Amino acid sequence: MSSEHLASAQNELKGNLGGAWNILDGAQGQYQDLGIARRFGGSSAAYSLRDIGAMNGKVVRVRREPHDTSAGIDDEINFSANQISSGALEDWVNGKLETTLPADVDTAAAAYSLRKVNSSYSGDAVRIRRSSDDIEVDVAFDSEGKVSASSAITNVAEEGGESGSTSATDLNGFLNANEQTVGSSQNGTGSVAYNSFSGDSNTGFTVTNSDAGTFKQAVFGYESGEGDVIVANFDLNITSGTPTIQVRTGAAIGTLTSKSNDATVSSSANHTVTLTCTGDGLYIKFLESDACTFSVSNFTIVSHTQGATVHTWYDQAGANNAVQETAANQPKIAEGGALITKRGQPSLKFRGTDSTPIYLDSPANITANFSFFIAAQPAADGTTSGSSSGEKRNHTLWSQGSTFHMAGINSDFTNGFRHGNTILSYGAGLDFNTNLNLHSLTNGSSNVDYFGNAVNKINSTNSTTTAASYDIGRKVNITSHNTRGYISEFIHYNSDQSNNRFKIESNINNYYGLYNDANDFSGNPTAELTPSAITLTNESKTGFTAEIDATSGTKQINFPLLNSLVSGDDYFVSFDYTSTSTSTVGVKPRTAALGSASNDVISATNSGFYGGTGDAGHNGFDINNTATVLSFQTTAQSFTFTVSNLKVSRIARNGFVETWYDQSGNGRDMIQATAGNQPSIVSNGGYMGGVYSAPASNSTTNSNKQYMRITGTNSFASNDFTTTKVGMVAIVNSLESGTASGVSIYAVMGNIRGVQSFPTGAIGLQISGTNNSQFTNYTATNAENKDQSISTRTVGENTLIGGTMDNRNIKTFTFTEQGSDTDNTTASTDIVLTSQKDFGIFYSTFATDSGGEDLNVTRTAGGYMKEAYILDGDIIDDIDAINLELRQHYNLA
């Protein structure tokens, strides 16, 4: 998709992004149901991230962080299986599908942009002045909602300063029109006048220079502006001497040094010359210093590509138009017949000097709570001396005065905000000196926060300063520190937009392509430190396969970072990891100078992740030094591991499951409405491949446990089974036992397991250690029927675990890529199905809880749940067929 389309008001997720399903009824009209959730008699409940009966409808509802909590702003969205597999889920969590325009998110105090940022705005984008002749026009948005060469223009009624009108109907015609009449030729003045001058007209002249070594000139009256490109054609006839004649543009007749790039001619012939103007001019000059006589005839302007400056930047949020009446102080929007662009989109050029600042006056007031979102880029010549020799100019984005302003680049290449006597700034963690960047400032009742490219760089107490107006592009009342750079978009709210910040920033980023959180590497990985011990295959910016031989020492594979990390940066990594052993692999940022542990940017204990076999890595790093590579390290020998789907981000972007929809058709959705208890599905921008819950660690962190339950009107418990034929099946990955002290059995699915006593009548799947999987029924307070399947669950491999009970006949089974195991037990007592506790995943209940959340975190397992079924009645007779299909789909033995 183009960035222009992403920035439109259309919501891709509510269209046909993930497949042809009807958003209103959740199903496609013509769809053949092949889902195993409905076959073999039908499951009582079925959950999967693939389509097993949803008929292209929703399978999961996801909440994202950073999330939006304002009224009317959705921070949760339903996803179909096709949307998950296509990457739409990741893209939404990462903000790449954010289409709500900034001034549509909330009411803006002022909204200035060269694209539409308010879907209901119907006015023009800017009022511009053509540099060559001061003609002014209003410029509309084109059919794609932005300023472009095809934008329609309308003449502005003369009210002072501007003059004349244009016959052009679009911006391209206006910037590339040769509408001026060439003035009659004139002799130079004073010492630069020719000895003889005749035949003056707007097409030619004849001159004689009798003063050898002294420059003389003749001129045609013709206006031009800085950056204009003029092509002129004429006949030259030299009748005496051998002059080299320079053709220039200039502002005054008698000034020899005011010129464009010279064009030179020295022969009698028809000539076409191109003049690129380095300043505003009123004349086209012919000059030379040789004794000679020559004539120019048939002079004509072939083409004139012109520049323009901005008189008014119209406010798309109301009536706070930003205006600059004085031509010399207006920012540029076009040069040489074309729009000035940054990141492929039009931008305004602010290139003022101490004596001639470039800025626009905004009448918008600033209240106690406010927010600004500005896409801006400093100029490459930002080192030009300012108020003192060698000082780098401030890139002042806006200012109410010297004590209340926001700067994109300060004198030491830091970014900051100042209110009163408080200056907030940070070092050059991102390359703000060369790129178009997003500067965000939110000021609320207690905090002021500055974000550079969505990364939090400043956090301080709030500003209570208010202002009646401000300038865009200069520091008010200061002769230096004016912007030398570009501003593409400027959105101001008189409210704290912290809750909406991610939504606003994502839309701006999508349009301009300011920062890329999907991949931040400049090249493929290479083997380092002990390269002879590493054989790399399948190298790409998203992963590799490394075969490690028996050589001792540290082996390391490096990904070169596109942008170096500096002290204070946060850096987040996500990837899929598989291995042939449990050998440890560490992941950490490092400097380019390799060879010793002293080059580590962070210590091993803080590296955040060491991969056992098959672990998925979803990690954050706090950087305490410069880092230029991301490394995978190991000292182990003789094994192979694979890293895939590698993503990096400077922002921790995560997705959590609020609802896992029941695809059986019975409406028994798994729900977790409490944000802190929701299991993960996207971590640090990467899809995790399943619904992930961390394993239990102790009994005192219930609020941090991730789990889901079947609640509400369609709640499901043991006493809801219609017969004593029951079963459960789950596809899991990296299933982990908890580490709580004194606990050996952990719940995976169902409504078990108690502490002081068993909840009578409960049923469910459990694990213990790395081997045992069991299907258990609590028949009484301290009695249970169960069967165990003893088969090692290999971390990182998909595993099918499950069991069935036909009254006293109990079967438990485990299938992995390494093998399978099936056990049968005949119980001594009948199954008891009387518990009214809700069913859940990674959920364990208290036996005697008097109400509320019956969570017993001590008894819960962890890992990735990919697919789960609850079976009732004769359907368990088809369990072998169901298991066969699951094993074939997940490539299990």
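Residues numbered from 1 in each chain as written. Predicted model: local features only at pLDDT ≥ 70, side-chain atom pairs only at ≥ 80, totals over all residues. Heavy atoms only, no water.

### Some thoughts on the overall build of the protein chain
Piece 1. Helices and strands together make up the secondary structure of the protein chain, namely seven helices and 60 strands.
Piece 2. A buried classification covers 57% of the 893 residues belonging to the protein chain.
Piece 3. For the protein chain, the proportion of contacts with a sequence separation of at least 24, taken over those separated by at least 6, is 70%.
Piece 4. When the accessible surface of the protein chain is totalled, it reaches about 31800 Å², and 44% of it is carbon and sulfur. (Helix = DSSP H or I, 4+ residues; strand = E, 2+ residues; numbered from the N terminus. Buried < 20%, exposed > 50% of the residue type's maximum accessible area, 1.4 Å probe, protein only. Contact = heavy atoms within 4.5 Å. Areas by Shrake-Rupley, 256 points an atom, 1.4 Å probe, with all protein chains shown as cover.)

### So, the pairing of strand β49 (residues 686–693)
Piece 1. With six of its eight residues buried, β49 lies for the most part within the structure.
Piece 2. Hairpin connection, strand β48 (residues 680–683) to β49: the antiparallel pair is bridged by two residues, and N684 has positive phi, about 50 degrees.
Piece 3. Across three bridges, β49 lies against strand β60 (residues 862–872) in antiparallel orientation. Paired with S693 across the two strands is G863, which belongs to β60. (Pairing = 2+ DSSP bridges.)

### As for the sheet that holds strand β12 (residues 229–240)
Piece 1. Read from one edge to the other, the open sheet built from five strands follows the order β9-β10-β17-β12-β15, with strand pairing classed as antiparallel. The open sheet has two free edges, formed respectively by β9 (196–198) and β15 (269–276), since each of these has just one partner strand. The mean angle between the axes of side-by-side strands here comes to 25 degrees, regardless of whether they run parallel or antiparallel.
Piece 2. Bridge analysis of strand β10 (residues 205–209) against strand β17 (residues 292–305) gives five bridges, and the strand direction is antiparallel. Bridge pairing in β17 links N209 to C292. (Axes fitted to C-alpha atoms, helices over the stretch in contact; angles between N-to-C directions.)

### Thoughts on the packing of aromatic side chains
Piece 1. With the rule as written, the count across this model stands at 33 aromatic pairs.
Piece 2. Between F205 and F220 the ring centres are 5.7 Å apart and the planes differ by 50 degrees, which places this aromatic pair in the tilted class. Linking F205 in strand β10 with F220 in strand β11 (residues 216–224), this pair joins segments that are 15 residues apart in sequence. Like F205, the residue F220 is buried in the burial classification.
Piece 3. Centroid distance F205 to F286: 5.7 Å. Interplanar angle 70 degrees. Geometry classified as edge-to-face. Note that F205 is positioned in strand β10 and F286 in strand β16 (residues 281–288), a separation of 81 residues in sequence. (Phe/Tyr/Trp six-rings, centres within 6.5 Å; stacked < 30°, edge-to-face > 60°.)

### Concerning the sheet that holds strand β13 (residues 245–250)
Piece 1. The five strands are arranged β8-β11-β16-β13-β14 in an open sheet whose pairing can be described as antiparallel. Of all the strands in the sheet, the pair left with one neighbour each is β8 (186–187) and β14 (263–265).
Piece 2. With three bridges joining them, β13 and β14 adopt antiparallel strand pairing. Opposite Q246, over in β14, you have T264 as the bridge partner.

### Quick look at the nonpolar core
Piece 1. V60, W660, V748, I763 and M865 are the most contacted members of the largest nonpolar core, which totals 53 residues.
Piece 2. Ranked by residues supplied to this core, first place goes to strand β51 (residues 725–736) with five residues.
Piece 3. Once residues lying within four places of it in the same chain are set aside, the contact partners of V60 are L49, I77, N78, F79, I84, V657, T659, W660, Y661 and I681.
Piece 4. If you look at the next biggest cluster of nonpolar residues, it comprises 47 residues, including I135, L360, I366 and V448. (Core = buried A, V, L, I, M, F, W, Y, C linked by side-chain atoms within 4.5 Å.)

### Examining the side chain of E658
Piece 1. Within the secondary structure, E658 sits in strand β46 (residues 654–660).
Piece 2. No salt bridge is formed by the buried E658, whose closest oppositely charged neighbour, R61, lies at an N-O distance of 4.2 Å.
Piece 3. With residues up to four places along the chain from it excluded, the contact list for E658 reads R61, E76, M670, I671, Q672, A673, Q678 and M708. (Lys, Arg positive; Asp, Glu negative; His and termini not counted. Salt bridge = Lys/Arg side-chain N within 4 Å of Asp/Glu carboxyl O.)

### Examining unusual backbone geometry
Piece 1. Here the phi dihedral of N645 falls at roughly 55 degrees; this positive angle occurs in a residue that is not glycine.
Piece 2. Structurally, the position occupied by N645 is in strand β45 (residues 639–649).
Piece 3. A positive phi angle, near 60 degrees, is found at N807, a position not held by glycine.
Piece 4. Looking at N807, the relative accessible area reads 23%, which means it is partly exposed.

### A word on the confidence of the model for the protein chain
Piece 1. Summarising the model, the protein chain shows a mean pLDDT of 82, and 82% of its residues fall at 70 or more.
Piece 2. Within the model, pLDDT remains below 50 along residues 382–393, and this stretch shows 30 contacts once partners closer than five positions in the same chain are excluded.
Piece 3. Across residues 426–432 the pLDDT falls below 50, and counting only partners more than four positions away or on other chains, this stretch makes 28 contacts in the model. (pLDDT = per-residue confidence, 0-100.)

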